[in-house]
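Close look at the chain arrangement
Chain residues, written in single-letter form:
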Amino acid sequence: MITRSRNHCVDYSAVRIATGVFVAVCGFLVGNSASAADPTKRFVYPGLDGRLVYDLGVQGDRVPDFSHCGYSGGGVSLPNASVRVVVPVVAGDATRRIQAAIDYVSSLPADVSGVRGAVLLLAGRHEVSGFVRVRTGGVVVRGQGAATVLVATGLDRRTLIQVRGKEDCTLATARSLADARVPVGATRVRVADAAGLKVGDAVRVEHPATKEWIAAVGMNRFPTNGAGSYLDWRPHTLDLRWDRVVTHIDGDTLTLDAPLTTALDASHGGGTVRAYQWPGRVRQVGVENLRIESAFDPANPHDENHAWGGIGFENAQDCWVRRVSFSHLAGSAVAVWESCSRVTVEDCESTQPVSEVGGYRRHTFFTAGQQTLFRRCRASEGRHDFAVGYAAAGPNAFVHCRATDATGFSGPIESWASGTLFDNVAIDGGGLSLTNRETDHQGVGWAAANSVLWQCSAPLVTCRTPPTAQNWAIGCWGQFVGDGHWRQMNEFVKPDSLYQAQLADRLGKAEPTSRDLPTRSDGVPSIDDLVPVGPAVKSPAVKPLALTNGVLATDGKAVFGDRSETTWWRGSVNPARVAEFGRGLTRFVPGREGPGFTDDLDQLTDEMRAGVITVLEHHWGLWYDRRRDDHQMVRRADGEVWPPFYEQPWARSGRGRAWDGLSRYDLTKFNPWYFARLKAFADFAGQKGLVLVQQMYFQHNVLEAAAHWADFPWRPANCLQATGFPEPPEYAGGKRVFMAEAFYDVSHPVRRDLHRAYIRHCLYTLGPCPNVVFQLGEEFSGPQSFVEFWLDCVAEWQKETGTRVLVGLSAPKDVQDAILADPKRSAGVSVIDLRYWWYAAGGEVYAPKGGENLAPRQHLREWKGPKGRSAESVARAVREYRVRFPDKAVTASYDGADGWAVLAAGGSLPALPAGTDPQLLAAVSRMKPADAAGLPKGAFALSDAGRDYLVWAPIGGRVSLDLTAHVEPFTAAWLDPKTGAAGQPRNIAGGQPVELTAPAGQPAVLWVRRK
C-alpha cells in the first residue's frame, strides 16, 4: 500500500528568517496526491543560491534543523586527549586496574576545554568481571584499535562501561511562555518576564503533557471496558524538556541555541522556561578505539546470563563514542539516556548479539536524550537497531547508518520521541517506522512526532501523521505505509544528506575532518606503577541476626522497624512513572538502574534504613512479561515481552517456545542473575542490620485467575520437564485455576525432585547469610504434607552442610499447630509467623484450614464472621505462642499491626518508631513475657525481673508492679507510642509495690528500669 501526502502551498513568497535560511509558507495536509506545486520541492531543499529553503506549514511549523545534533552542538571536532596512563594486559580480572586508571585521570586537573586526559588500554584481551564507571568529566577511555578487547566475563547483566554523572540538577522558578503558539523548529520564544536571565544561561524549555494535549493527540482512548484504560497516557508523565542555552535576549524574547521539536500551544498547556544548574553532569568524556565483547554460554544460542550493555550514558553532556566495535551483547551497544544531551556516537559496529529474540533486547544504538548524533554506525542481527525512547526531546539524528539481518524495525519505539532524523539509514530485514504503536509496550501510542526519513531504505517504511504534529518521508525506498508526508518515493534526492547540508548551511563551511588518535604508550606511566592495586577491600562487618531468648536481635538489641514487600507485578520503564512501583529485588530493566528500574541494592538498603524499614519480604514475580498484566490466558503471538521483567528463579533453556514467546524454562537449572540479586541484598542486609524474609514459593500462580498459571514456569507448555500438570490447563469456568493441590503433591516423582532441588538451591545461595529468615511461601494456604516435605528438605540440607538457618513457619493455624506438635519438625522452626489466621476483635478465631485449594483472600471471602483485628487481639495471639514456645521468635505479619502491642506481648520484628531508645531494645532482648496481674484490661508486659519492665496498655489506666523483692532504685517513664520518645522520668523506690497511672483513653507504653 502506498499513501502519499498532499502539500498544497498557499503562499510561496520566500521569507528569510534569522539564520539567513529561506522559508516558503505552505500547508501540510494529508491526502493521496503529490504536491500541486513544484514536485522537486521537498519541504526542505536547496534554493537558487545553494542555501536551504524550508516549506512552512500554515502555523509556522517546519522541518527542524538537525545540524545541532552531536558533540558540542554539532560541527565541532571531537577532542584528541593526551594519554596520561596506560593499562597493560595481565592475566585475570582487570576490572579494578582499569577503574583505578580511570580514577587516577579523574584526579588530574582539566585543561581549558575540560579534558583531563586519556586512559590507554594496551592491545590484548582485558577481562572485566564487573563494570567500570566514569563519574568525573574530562576522562577518555581509549584502546589501541580492535586489538584492545574488553571481555565482559561472568554472569551479571550489567553495562560494561558506565558514564554516569550526578543527578543534581536544580531548577529556578518557571517563567510562562507569552506566545499563543511556538511552532516546530523555532529557536525563539517570548516569556512573560525575562528579568534576571542573561546570555549564556542554561535554560530548560518544557512542554507539559496536560490532559488537554493528551486528548488532542488521542492518547486517552485506548481500548477499555469502562471509563479509561490503564494504558491511557497520564498527565505530566510525558513532559518534553529541552535543555538549551540563551544566545540572545531582545526584551522578553529569548533566542536559543537549538530548535524546539514540538509545538508549544497555549490551548494545550503552553510551556515554561526556567534556568537551571547541573554541576554534577559530566562533560568531555569519551570511549574510543577499542572492542567490547561479552562471554556467553556457547551451548545456548539465546543465553542471557552475561553482559547486556556495552556503553551507557547518564547525566552527561558533550560526550562521545567513536571507533568501538561490540559483539555478543544482549541489549544495547550504546545507550544514551534521557538525562543526556549533545552526545556523538560514530564509526561503531555491533555484531552477533546473544539473547532471546524478544522485547527490550538488541536495541543496538539507542537514545532517549537530545541533540545526540549516531553516524556511520553498523549493526547486524539486532531488533530495534537505531531506536529512540520516551519523550526524547530532540533533535536527534541517525546519519549514514546501516543494519543487516534486522529482526525488528528502527525508529522511535517509545512514546512521543520528537524531532528525530533518519538520514541515509538502510535497514536490511526489518523496517523503518514513524508511527503510532498503539497498545504495544504498555500503550506507547504515538512514538514519533515531527521526525524525518531522508533518503532511507527498508523492506517496510512506515510514516504516519500524528494529531498536532507531522512526520516526513523524503526520497525513501521500500514498501510504503501510512498517511504521513511523502515525497519522491523510490528516487534519489538532493541534498544527499540533510544533516550534512543543514550543518554546512549553518556553519558556512565544510564539517571538520577527524584526526588520528594518540595511541602510543612511549614514556607514559603504567597504572601498576602509579597506583598499586592491592587486594579487594573487605566488606563491612556483618551485624548477624540471632535468635536469643526467643527474640530476633542484632548486636544484642531487638530488631524493629516497618516491613516492605517486594513488587511482584505491574511497572513501567517510563522514567516519569517508575517511582510508582516500589521495591523489586529481582525486577530487571535492561540498561537501567535505580528505583523502579533494576534497583540499586546499596541505595535501596540505605533508603530502607533511613525510613526505618527493617524487613523486606521477597518472592518471585507473578509473571515475567508485563503483557500478562492484562490477565489474559492467550498464547502470545511473539516474544515481544514488555518490561520491567520480573525474573523467575529458573533459567530459560534457549529451546522451544513458552507461552510468552521466549524460550522454555529448564526447571533443573536456576537463574543466576535472580539468585545473585538475592545474595547481594542479603549481604547488604547483614552489613546494615536489615532482614530478608525469603518466601521460597508464591502460591498466587496456582490459584485464582487463570492468567496466573498461563506463563508460570512449571506449566508443561513453559518448561522442558514433564511436570505432569494437565495441558491444555483445565480452567474452571474458562477463567479460574485450581492447581495448588497438584502443585503441592510431592508423590509425583518429577515434581518432588524439582521441589527438592529448588529448595536446596535457595538454601545453598542464601544459607550462609545470617540475616535471612526462610519461609515456605507467600499466600501459603497449602497442606500440612507440603510443609513437612519443605522442613525435611531444609533439615536434610542443614545436616549435610553443617549450616544452621533461621526457619519461619507461616501457615494456616491447623497446619502450624500440627507442625509445632511434631517434636522433630518443631525443633527445626526458629520463627512462628502469624499471618494466615487471627483472633478477631471480639475474640472469635478466624482460622481457615490448610490444603483446601483456596487462596487466603478466597478463604476470607467465605468467612461469615467478623474480619477485623484489634491491637489487643493481635497481642493475644503473639503472647499465646510465645508462652507455648519460649525458645522461638513470634512475628505478627498483619497489615497495620501495632508494634508496641506486638513487642509487649513478646513478639519479634515489631514496627516501632525511629526514636525508640536503643537501651530499651537491648533490655527487650533479655526480657520474658510477664504475668498480667496488676495491669489494665488488655495490657501486656515483659520483664527482666529486678532490672527492666515494659508494659503496653490499649487504653492507658493504672499499672501495678510488685518490686518488693528488688530494693534497688528504679526510674519510670511513659513513652510516646508515635515517636518512642520518653516523657519526664520518675524516680521509684524499690522494695515495695508501686502504682503508675497513664492517661486514660489512649494506648500507653511504660518502661521501668533499674538505675
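Every value quoted in this text rests on a predicted model; they were computed, and no experiment measured them.

**Side note on unusual backbone geometry**
In this structure, the amide linkage connecting Gly-394 to the following residue, Pro-395, adopts the cis form with an omega of -5 degrees. Assignment of secondary structure puts Pro-395 in the loop between strand E31 (386-388) and strand E32 (396-399). Along the chain, Lys-494 connects to Pro-495 via a cis peptide bond; the corresponding omega equals 0 degrees. Note that Pro-495 resides in the loop between strand E44 (485-487) and helix H4 (498-507). Look at Ser-72: it is not a glycine, yet its phi comes out positive at around 55 degrees. What makes Ser-72 partly exposed here is its relative accessible area of 31%. Despite not being glycine, Asn-289 has its phi angle at roughly 65 degrees, a positive value. The exposure class of Asn-289 is buried, given its relative accessible area of 12%.

**Topic: the UniProt feature "domain: DUF6298" (unreviewed entry) in the protein**
This chain's UniProt record puts "domain: DUF6298" (unreviewed entry) on residues 519-927. Span residues 519-927 is 30% helix and 17% strand, its end C-alpha atoms 69 Å apart.

**Focus on the packing of aromatic side chains**
Counted according to the given criterion, the structure contains 48 aromatic pairs. Over the ring of Tyr-54 we find Arg-62; its NZ or CZ atom is 3.8 Å from the centre of that ring. The residue whose ring lies beneath Arg-652 is Tyr-624, and the NZ or CZ to ring-centre distance is 5.0 Å.

**Describing the sheet that holds strand E47 (residues 557-558)**
The three strands lie next to each other as E45-E46-E47, forming an open sheet whose pairing is antiparallel. Each edge of the open sheet is held by one strand with a lone partner, namely strand E45 (546-548) and E47. In terms of strand pairing, E45 meets strand E46 (residues 551-554) through three bridges, oriented antiparallel. Bridging across to E46, Leu-547 finds its partner in Leu-552.

**Let's talk about the pairing of strand E69 (residues 993-998)**
Along a regular strand, successive side chains alternate from one face of the sheet to the other. Going residue by residue along E69, you find Val-994, Leu-996 and Ala-998 tucked away on one face and Pro-993, Glu-995 and Thr-997 left uncovered on the opposite face. With six bridges joining them, strand E66 (residues 957-962) and E69 adopt antiparallel strand pairing. Directly across from Asp-962, in E69, lies its bridge partner Pro-993.

**Here we look at the environment of Thr-170**
Tracing the backbone shows Thr-170 in strand E12 (residues 170-171). Separated by 109 residues in the primary sequence, Thr-170 and Pro-279 have C-alpha atoms spaced 9.0 Å apart. Setting aside anything within four residues of it in sequence, one finds Thr-170 in contact with Ala-275, Tyr-276 and Gln-277.

**Looking at the domain arrangement of the protein**
Splitting the protein by domain gives domain 1 (170-277), domain 2 (552-901) and domain 3 (928-1010). Distance from the C-alpha centre of domain 1 to the C-alpha centre of domain 2: 45 Å. Facing the five residues of domain 1 at the interface are six residues of domain 2. With both chains or domains summed, domain 1 and domain 2 bury close to 450 Å², and 50% of this area falls on carbon and sulfur atoms. Considering only the side of domain 1, the residues that lose the most area to domain 2 are Tyr-230, Arg-234 and Thr-237, jointly responsible for 82% of the buried surface there. At the boundary of domain 1 with domain 2, the tally comes to one salt bridge. Among the salt bridges present, the one from Arg-234 reaches Glu-580, with a minimum N-O distance of 3.4 Å. Summed over the shared surface of domain 1 and domain 2, the result is two residue pairs in polar contact (both at pLDDT 80 or more). A per-class count over the side of domain 1 that touches domain 2 returns two nonpolar, two polar and one charged.

**Let's talk about the pattern of salt bridges**
One pass over the full model with this rule turns up 60 salt bridges. The residue Arg-835 makes a salt bridge to Glu-778 at a minimum N-O spacing of 3.3 Å. One end of the pair, Arg-835, is in the loop between strand E59 (831-834) and strand E60 (838-839); the other, Glu-778, is in strand E57 (residues 772-778), and 57 residues separate them in sequence. The exposure class of Arg-835 is buried, given its relative accessible area of 10%. Assessed through its relative accessible area of 12%, Glu-778 is described here as buried. Three or more residues joined by partner-sharing salt bridges are found here, namely Arg-133, Arg-164, Glu-314, Glu-338, Arg-592 and Glu-593.

**As for helix H10 (residues 749-766)**
Here H10 is 18 residues long and its end C-alpha atoms lie 26 Å apart, about the 26 Å a rise of 1.5 Å per residue gives. Within H10, burial applies to Arg-751, Leu-754, His-755, Tyr-758, Ile-759, Arg-760, Cys-762, Leu-763, Thr-765 and Leu-766.

**Some points on the confidence of the model for the protein**
As a note on interpretation, predicted positions should not be read in detail where pLDDT is low. Per-residue confidence for the protein averages 94 on the pLDDT scale, and 96% of its residues sit at or above 70. With pLDDT under 50 throughout, residues 1-38 is counted as low confidence; its partners more than four residues away or in other chains account for 114 contacts.

**Quick notes on helix H6 (residues 601-610)**
Within H6, the full set of buried residues consists of Leu-601, Leu-604, Thr-605 and Met-608. For H6, the arc enclosing every buried residue in end-on projection is 95 degrees, short of the 170-degree limit, so these residues lie on one face. Against strand E50 (613-618) and helix H7 (672-688) lie the buried residues of H6. N-capping of H6 is provided by Asp-600, with a side-chain oxygen placed 3.1 Å from the backbone N of Asp-602.

**Description of the packing of H7 against H10**
Between H7 and H10, the shortest axis-to-axis distance is 9 Å and the interhelical angle comes to 40 degrees. Comparing their axes, H10 and H7 come out oblique. With respect to the hand of their crossing, H7 and H10 are arranged in right-handed fashion. For the pair formed by H7 and H10, the contact residues are Phe-675, Leu-678, Lys-679 and Ala-682 on the first element and Tyr-758, His-761, Cys-762, Thr-765 and Leu-766 on the second. Of the residues in the contact of H7 with H10, the class split is six nonpolar, two polar and one charged.

**Examining the side chain of Asp-318**
Mapped onto the elements, Asp-318 comes out in strand E24 (residues 316-327). On the basis of relative accessibility, which here comes to 7%, the residue Asp-318 falls in the buried class. A polar side-chain atom of Asp-318 sits 2.9 Å from the main-chain amide nitrogen of Ser-72. A polar contact of 2.8 Å, which involves the side chain of Asp-318, links it to the side chain of Arg-342. Here Asp-318 is in contact with Tyr-71, Ser-72, Gly-73, Arg-283, Gln-284, Val-285, Ser-341 and Arg-342, once residues within four sequence places are set aside.

What counts, and where the lines are drawn
Residues numbered from 1 in each chain as written. Predicted model: local features only at pLDDT ≥ 70, side-chain atom pairs only at ≥ 80, totals over all residues. Heavy atoms only, no water. Helix = DSSP H or I, 4+ residues; strand = E, 2+ residues; numbered from the N terminus. Buried < 20%, exposed > 50% of the residue type's maximum accessible area, 1.4 Å probe, protein only. UniProt positions renumbered as here; feature names shortened; annotations may be inferred. Phe/Tyr/Trp six-rings, centres within 6.5 Å; stacked < 30°, edge-to-face > 60°. Lys NZ or Arg CZ within 6 Å of the ring centre and 35° of its normal. Pairing = 2+ DSSP bridges. Contact = heavy atoms within 4.5 Å. Domains from an automatic or database assignment. Buried area = accessible area lost by both parts, 1.4 Å probe. Salt bridge = Lys/Arg side-chain N within 4 Å of Asp/Glu carboxyl O. Polar contact = N/O pair within 3.5 Å; in protein donor to acceptor, adjacent residues only side chain to side chain. Nonpolar A, V, L, I, M, F, W, Y, C, P; charged D, E, K, R; others polar. Expected span 1.5 Å × (residues − 1). pLDDT = per-residue confidence, 0-100. Arc of directions from axis to C-beta. Axes fitted to C-alpha atoms, helices over the stretch in contact; angles between N-to-C directions. Parallel < 35°, antiparallel > 145°, perpendicular 65-115°, else oblique. Left-handed = near helix turned anticlockwise from the far one by under 90°.

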